[in-house]
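Reading the structure
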Amino acid sequence: MPEGDTLEGIARRMQPLVGAVPTIAAAHPRTAPLRIPERLAGQAITAVEARGKHLLVRFDSGLVLHSHLRMSGRWTIGAPGRARTGAWIVLTTDACEAALHKGPVLELLTPAQARLHPALGLLGPDALDPDFDVDAAVARARRGPAEQTAADVLLDQRVLAGIGNVWKSEALFDRGLDPWTRVADLDDAALADL
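All values reported here derive from a predicted model rather than from experimental measurement.

Moving on: the sheet that holds strand S2 (residues 45–51). Reading across from one edge, S2-S3-S4-S8 is the order of the four strands in this open sheet, with antiparallel pairing throughout. Unpaired on one side and paired on the other, S2 and strand S8 (105–109) mark the two borders of the sheet. Adjacent strand axes in the sheet meet at a mean angle of 15°, parallel and antiparallel pairs treated alike. With five bridges joining them, strand S3 (residues 54–59) and strand S4 (residues 64–68) adopt antiparallel strand pairing.

Our next topic: the pairing of S4. Across the five residues of S4, five count as buried, placing the element largely inside the fold. Of the two faces of S4, both are covered, the one formed by Val64, His66 and His68 as well as the one formed by Leu65 and Ser67. Joining the antiparallel neighbours S3 and S4 is a turn of four residues, in which glycine 62 adopts a positive phi near 100°. Where S4 lies against S8, five bridges are found, and the strand directions are antiparallel. Following the sheet pairing, leucine 65 is matched in S8 by leucine 108.

All of the buried residues along helix H1 (residues 4–13) are Gly4, Leu7, Glu8, Ile10 and Ala11. For H1, the buried positions fall inside an angular range of 160° around the axis, keeping them on one side. Of the surrounding secondary structure, the elements contacted by the buried residues of H1 are S2, S3 and strand S5 (74–78).

You can see glutamine 148 is positioned in the loop between helix H4 (134–142) and helix H5 (150–155). According to the relative accessible area criterion, glutamine 148 is buried, its value standing at 7%.

In the predicted model, the protein chain carries a mean pLDDT of 90, and the fraction of residues at 70 or more is 99%. Mean pLDDT values for the elements of the protein chain range from 89 in H1 up to 96 in S3.

The subject of this paragraph is the sheet that holds strand S1 (residues 23–25). Here we have four strands laid out as an open sheet, ordered S1-S6-S7-S5, and antiparallel in their pairing. The open sheet has two free edges, formed respectively by S1 and S5, since each of these has just one partner strand. In this sheet, adjacent strand axes meet at a mean angle of 10° when their direction is disregarded. Here S1 pairs with strand S6 (residues 89–92) via three bridges, running antiparallel. Its bridge partner being in S6, isoleucine 24 is matched across the sheet by leucine 91.

In this structure, glutamate 97 sits in strand S7 (residues 97–101). The exposure class assigned to glutamate 97 is buried, which follows from its relative accessible area of 5%. The spatial distance from the C-alpha of glutamate 97 to the C-alpha of isoleucine 24 is 9.8 Å, given a sequence separation of 73 residues. Once you skip the residues sitting within four places of it in the chain, glutamate 97 turns out to touch Thr76, Ile77, Gly78, Ala79, Pro80, Gly81, Arg82, Arg84, Val90, Leu91 and Thr92. A polar contact is formed between the side chain of glutamate 97 and the side chain of threonine 92, at a distance of 2.9 Å.

The rules behind these values
- Residues numbered from 1 in each chain as written.
- Predicted model: local features only at pLDDT ≥ 70, side-chain atom pairs only at ≥ 80, totals over all residues.
- Heavy atoms only, no water.
- Pairing = 2+ DSSP bridges.
- Helix = DSSP H or I, 4+ residues; strand = E, 2+ residues; numbered from the N terminus.
- Axes fitted to C-alpha atoms, helices over the stretch in contact; angles between N-to-C directions.
- Buried < 20%, exposed > 50% of the residue type's maximum accessible area, 1.4 Å probe, protein only.
- Arc of directions from axis to C-beta.
- Contact = heavy atoms within 4.5 Å.
- pLDDT = per-residue confidence, 0-100.
- Polar contact = N/O pair within 3.5 Å; in protein donor to acceptor, adjacent residues only side chain to side chain.

Structure, rendered in structure tokens:
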């Protein structure tokens, strides 16, 4: 499953779409009922951002295209006009084309739906956020169950969004911590360091 750093890279590569009104194709049977091209016709993209493992494409009407790749999805980004056979959705401008393939989560949200979204609303701060507050993350980690392990807390997207199995394993190895170490057995300094 792509982790937060992968989604951040995708969001950065999609920045040429920002400010443009894309041509949108969503002919795949899975996405056709969402009527995304019709609902976004003539709207400019105002932002493309990663939040943990989620990608949000914001439009000037306030609508938000939300995707999560889980294990099987992928975004491909490149020059316009490339063949996008089987893509679930394709956003094309003169500068860039982005296509989502097999993305298990693809939805078009109103601003209210985005604010109240069950997955997005529970996300902790993104691990890559330059203003990430370590002390607040430690406090959130302490709110978990007493048996929660160091491995569990790193994967808890409510504590810190964007960490998956690869970064969890690397962080634990780097700190020399047994994944089964209970968070309750770590002092605040060790937890902050992790």
